[in-house]
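So you can see what is in the structure, the chains are spelled out below.
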Amino acid sequence: LGQEVSQGKSSVVGGSTDVGNISQVVPTIQPTISISDEPIVGHSIGFKAASISQKGLDSIELGAILLAQTAVDIITNPQLLEDIKKEHAVNVDAQY
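Bear in mind that the values here come from a model prediction, so they are computed numbers and not experimental data. (Residues numbered from 1 in each chain as written. Predicted model: local features only at pLDDT ≥ 70, side-chain atom pairs only at ≥ 80, totals over all residues. Heavy atoms only, no water.)

### Digging into the layout of surface pockets
Over the atoms, a rolling probe the size of a water molecule traces out where space has been left empty.
Inference 1: There is about 360 Å³ of room inside the second largest pocket.
Inference 2: Taken together, 14 residues form the lining of the second largest pocket, with Pro27, Thr28, Ile29, Ile74 and Ile84 sitting closest to its centre.
Inference 3: Taken together, the elements giving at least two residues each to the lining of the second largest pocket come down to helix 3 (54–76) and helix 4 (78–94).
Inference 4: For the lining of the second largest pocket, the element with the highest residue contribution is helix 4, accounting for six residues.
Inference 5: Residue classes in the lining of the second largest pocket are distributed as seven nonpolar, five polar and two charged. (1 Å grid on protein atoms, 1.4 Å probe; cavity = no way out; pocket = protein on both sides within 12 Å on 5 of 7 lines; lining within 4 Å. Points joined across faces, edges and corners; volume = space filled by probe spheres on them. Helix = DSSP H or I, 4+ residues; strand = E, 2+ residues; numbered from the N terminus. Nonpolar A, V, L, I, M, F, W, Y, C, P; charged D, E, K, R; others polar.)

Given below as structure tokens:
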């Protein structure tokens, strides 16, 4: 889709999101898509400005496309869905 893809590095980030609660019940992803060419701090004036920039607005379409493609992959590949469910169960069980 013309975007650079990075797997990112695991790091400790302050704060939390409600997706953590959801991920205890169902397999969950929390992808992030850049809305700025420069690093910006969330919940800031810079983040607000970036969110309504052209790149920020384009990121909405990109996110929708990527989520739709992910859904198609899961719907059309039953083994992928089973693998996701198994991995989720193992990960949740490992926490307790």
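### Quick word on the pattern of salt bridges
Inference 1: This structure, assessed with the given rule, holds one salt bridge.
Inference 2: In this structure, Lys55 engages Asp37 in a salt bridge whose closest nitrogen and oxygen atoms are separated by 2.7 Å. Of this pair, Lys55 sits in helix 3 while Asp37 is found in the loop between helix 1 (19–22) and helix 2 (45–51), placing the two residues 18 residues apart along the sequence.
Inference 3: A residue is classified by how much of its surface remains accessible, and Lys55, at 31% relative accessible area, is partly exposed. (Salt bridge = Lys/Arg side-chain N within 4 Å of Asp/Glu carboxyl O. Buried < 20%, exposed > 50% of the residue type's maximum accessible area, 1.4 Å probe, protein only.)

### A few points about helix 3
Inference 1: Relative to the 33 Å expected for 23 residues at 1.5 Å per residue, helix 3 spans 33 Å between its end C-alpha atoms, a close match to the ideal helical length.
Inference 2: Gly56, Ser59, Leu62 and Gly63 are the residues of helix 3 that are buried.
Inference 3: The inward-facing, buried residues of helix 3 abut helix 2. (Expected span 1.5 Å × (residues − 1). Contact = heavy atoms within 4.5 Å.)

### Here we look at the side chain of Ser59
Inference 1: Examined against the element boundaries, Ser59 turns out to sit in helix 3.
Inference 2: Separated by 2.5 Å, the side chain of Ser59 and the backbone oxygen of Gly56 make a polar contact.
Inference 3: Discounting residues that sit within four places of it in the chain, Ser59 has contacts with Ile33, Ser34 and Ile35. (Polar contact = N/O pair within 3.5 Å; in protein donor to acceptor, adjacent residues only side chain to side chain.)

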